[in-house]
Amino acid sequence: MWQSVFSLSSCCSLYTSCCLVRMTVSYQRVGVYSTCVALVAVGLVKCLIFLDDNYLGRPRSTTTFASTNPSTMAAPLSGMNAIVVGATSGIGQAIAIRLASQGVSVNAIGRNVQAGQATVEQMKAASTNPSAEYQFTQMDASLLSNVHKFAQEQDGPVNYLVFCNSIMSFGGRNETAEGHEMKLALNVYSRTLLAHELAPKMQMHSGVDGEAHTPRVMSVFSGGVHGPFTDWSDMGLKTTFTLLRCADAAGFYTDCTFDHMAQQHPGIGYMHFAPGFVVSKLGYDTSWAPLIKAAHWLFGRTSEKCAQIAVDALLDERYATGFHPVNRNGAPTSVTSQHTPSSIAKVVEHFNHVFATTLGDAFSTPMQ
């Protein structure tokens, strides 16, 4: 029973992050009495989220060293290499630092050079492995040509690949220079392309514990909380774009492509993680900033807290192979009812078309 209650509280916070526009419109239509009732309900939800986070949440991980204090631990993952895309702020930066604290060498990817250099310094300060290497690579991941070029330049092994690149925008359809919807490009197209092209370079590695660790791929987005999207006539949202449709499409496409890649690469674990509502500066430069800040106070969880859960899940042996949607507490969750072999095939076909038309002959190895 308790898990059902806390699952409801988790959904409330995630719904807030996905549907801020809808909430504001609804707020304008209600009276003072309804507003008071809503505030009481919000307070109760906040209490439930606090209890879920600190006392009664599901177990975070079955990996014994994942929740250890980084300042006092050895480097259990010494010799391993991670790429974290979107690592210059928020949960991406926190995940990069968390991995560094466990001995992993990290390549932090982002657009802002100054923020990237600051991330490198923080990783070095947190590191428990003097032989680990930390670097920043500047890249605009909204352009598939950049992602493809980066993938071709990688010549070393990759053990962990984490995607946090995203954008918060409440406007209409916004196209990249390559003609793709910006949020789709960042949240799913670029992530799938890099995961697909780096799969042959991801390999087993033996850590200092002598155990073989399978490579893992994690997309931090909306595992288990998005709706299905099966509008096969407009998969790129060129004519039917809305914020909610875009969020559902990106989440549904991630499930389908990651499931497909997990079948093609049985030695790699693929995860779609929903962090909940993360406190970050995304959206602070928009007219929605006051509402976003209020939602952060009501429903938000710090980047560091989310990063701890994300890295615990990344190292969890339950997710060593196959595809796994993962909820905000690091526990397994479910895919949508439309997650079928037929849907997966249609999504993969769409992605191959997107990559081929964008990259031309450079895209020589489509997803099979």
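Everything numeric in this text was worked out from a predicted model, so none of it was measured.

Each value, and the rule that gives it
Residues numbered from 1 in each chain as written. Predicted model: local features only at pLDDT ≥ 70, side-chain atom pairs only at ≥ 80, totals over all residues. Heavy atoms only, no water. Helix = DSSP H or I, 4+ residues; strand = E, 2+ residues; numbered from the N terminus. Buried < 20%, exposed > 50% of the residue type's maximum accessible area, 1.4 Å probe, protein only. Areas by Shrake-Rupley, 256 points an atom, 1.4 Å probe, with all protein chains shown as cover. Salt bridge = Lys/Arg side-chain N within 4 Å of Asp/Glu carboxyl O. Axes fitted to C-alpha atoms, helices over the stretch in contact; angles between N-to-C directions. Parallel < 35°, antiparallel > 145°, perpendicular 65-115°, else oblique. Contact = heavy atoms within 4.5 Å. Nonpolar A, V, L, I, M, F, W, Y, C, P; charged D, E, K, R; others polar. Core = buried A, V, L, I, M, F, W, Y, C linked by side-chain atoms within 4.5 Å. Phe/Tyr/Trp six-rings, centres within 6.5 Å; stacked < 30°, edge-to-face > 60°. Pairing = 2+ DSSP bridges.

Asker: How should the overall build of the protein be read in this particular structure?
Answerer: Scanning the protein from N- to C-terminus turns up 11 helices and nine strands. Taken across its 368 residues, the protein has 53% of its residues classed as buried. Approximately 16000 Å² of the protein is accessible, and the part contributed by carbon and sulfur atoms is 57%.

Asker: What should I look at first to understand the pattern of salt bridges in this one?
Answerer: A pair can form between side chains of opposite charge whenever their charged atoms are brought close. Following the criterion strictly, the structure yields seven salt bridges and no others. Between Glu181 and Lys183 there is a salt bridge, with its nearest N and O atoms 3.4 Å apart. Neither residue differs from the other here; Glu181 and Lys183 are each classed as buried. Between Asp316 and Arg318 there is a salt bridge; the shortest N-O distance is 2.8 Å. Taking the relative accessible area as the measure of exposure, Asp316 reaches 0% and is therefore buried. Given the relative accessible area of 34%, Arg318 is considered partly exposed.

Asker: Before we go on, may I ask you to explain unusual backbone geometry in this structure?
Answerer: Outside of glycine, negative phi angles account for most residues, and trans bonds account for most peptide bonds. In this structure, Leu237 takes a positive phi of about 55° despite not being glycine. Checked against the element boundaries, Leu237 lands in the loop between strand E7 (216–220) and helix H8 (243–264).

Asker: Explain the packing of helix H7 (residues 182–198) against helix H11 (residues 341–359) to me, please; I cannot follow it from the model alone.
Answerer: When two helices pack together, their arrangement is given by the angle between the helix axes and the distance between those axes. Direction vectors running N to C along H7 and H11 enclose 85°, while the axes themselves pass 11 Å from each other. In terms of their interaxial angle, H7 and H11 are classed as roughly perpendicular. Where H7 abuts H11, its residues Val188, Tyr189, Thr192 and Leu193 lie against His350, Phe351, Val354, Phe355 and Leu359. Considering only residue class, the contact of H7 with H11 consists of seven nonpolar, two polar and no charged.

Asker: What exactly am I supposed to notice about the nonpolar core here?
Answerer: Soluble globular proteins tend to bury their nonpolar side chains together. One finds Leu161, Leu194, Val217, Tyr253 and Tyr270 to be the most contacted residues of the largest nonpolar core, which totals 50 residues. When contributions to this core are tallied by element, the ones reaching two or more residues are strand E1 (81–85), helix H6 (144–153), strand E4 (160–163), H7, H8 and H11. Once you skip the residues sitting within four places of it in the chain, Leu161 turns out to touch Ile83, Leu194, Ala195, Leu198, Met202, Arg216, Val217 and Met218.

Asker: How should I be thinking about the environment of Ile83 in this particular structure?
Answerer: Within the secondary structure, Ile83 is located in strand E1. A residue is classified by how much of its surface remains accessible, and Ile83, at 3% relative accessible area, is buried. For the pair formed by Ile83 and Ala96, sequence separation is 13 residues and the distance between their alpha carbons is 8.4 Å. With sequence-adjacent residues up to four places away left out, Ile83 is seen in contact with Asn107, Ile109, Phe150, Gln154, Val158, Tyr160, Leu161, Val162 and Leu198.

Asker: Any chance you could explain the side chain of Arg301 here in plain terms?
Answerer: Structurally, Arg301 can be placed in the loop between helix H9 (289–299) and helix H10 (303–315). For Arg301, a relative accessible area of 4% puts it in the buried group.

Asker: Where do I start with the packing of aromatic side chains in this structure?
Answerer: Each aromatic ring pair is characterised by the separation of its centres together with the angle its planes make. Enumeration according to the criterion identifies six aromatic pairs in this entry. Their ring planes at 90° and their centres at 5.8 Å tell us that Tyr253 and Phe351 sit as a pair that is edge-to-face. Of this pair, Tyr253 sits in helix H8 while Phe351 sits in helix H11, and the two are 98 residues apart along the sequence. We classify Phe351 as buried; its relative accessible area is 0%. A ring pair is formed by Phe351 and Phe355, whose centres lie 5.8 Å apart and whose planes are at 90°; its orientation type is edge-to-face. Placement of the pair is Phe351 and Phe355 together in helix H11, with a separation of four residues, close to one helical turn. An aromatic cluster is present here, built from Tyr189, Phe229, Tyr253, Phe351, Phe355 and Phe363 joined pairwise through their rings.

Asker: Help me understand the pairing of E4 in this model?
Answerer: For a regular strand, side chains alternate in direction, first toward one face of the sheet and then toward the other. Side chains Tyr160 and Val162 project from E4 onto one buried face, and the interleaved Leu161 and Phe163 project onto a second face that is buried too. Bridge analysis of E1 against E4 gives four bridges, and the strand direction is parallel. Its bridge partner lying in E4, Val84 is registered against Val162. Pairing of E4 with E7, which is carried by four bridges, proceeds in the parallel orientation. Bridge pairing links Tyr160 to Arg216 in E7.

Just geometry here; none of it tells us what the structure is for.
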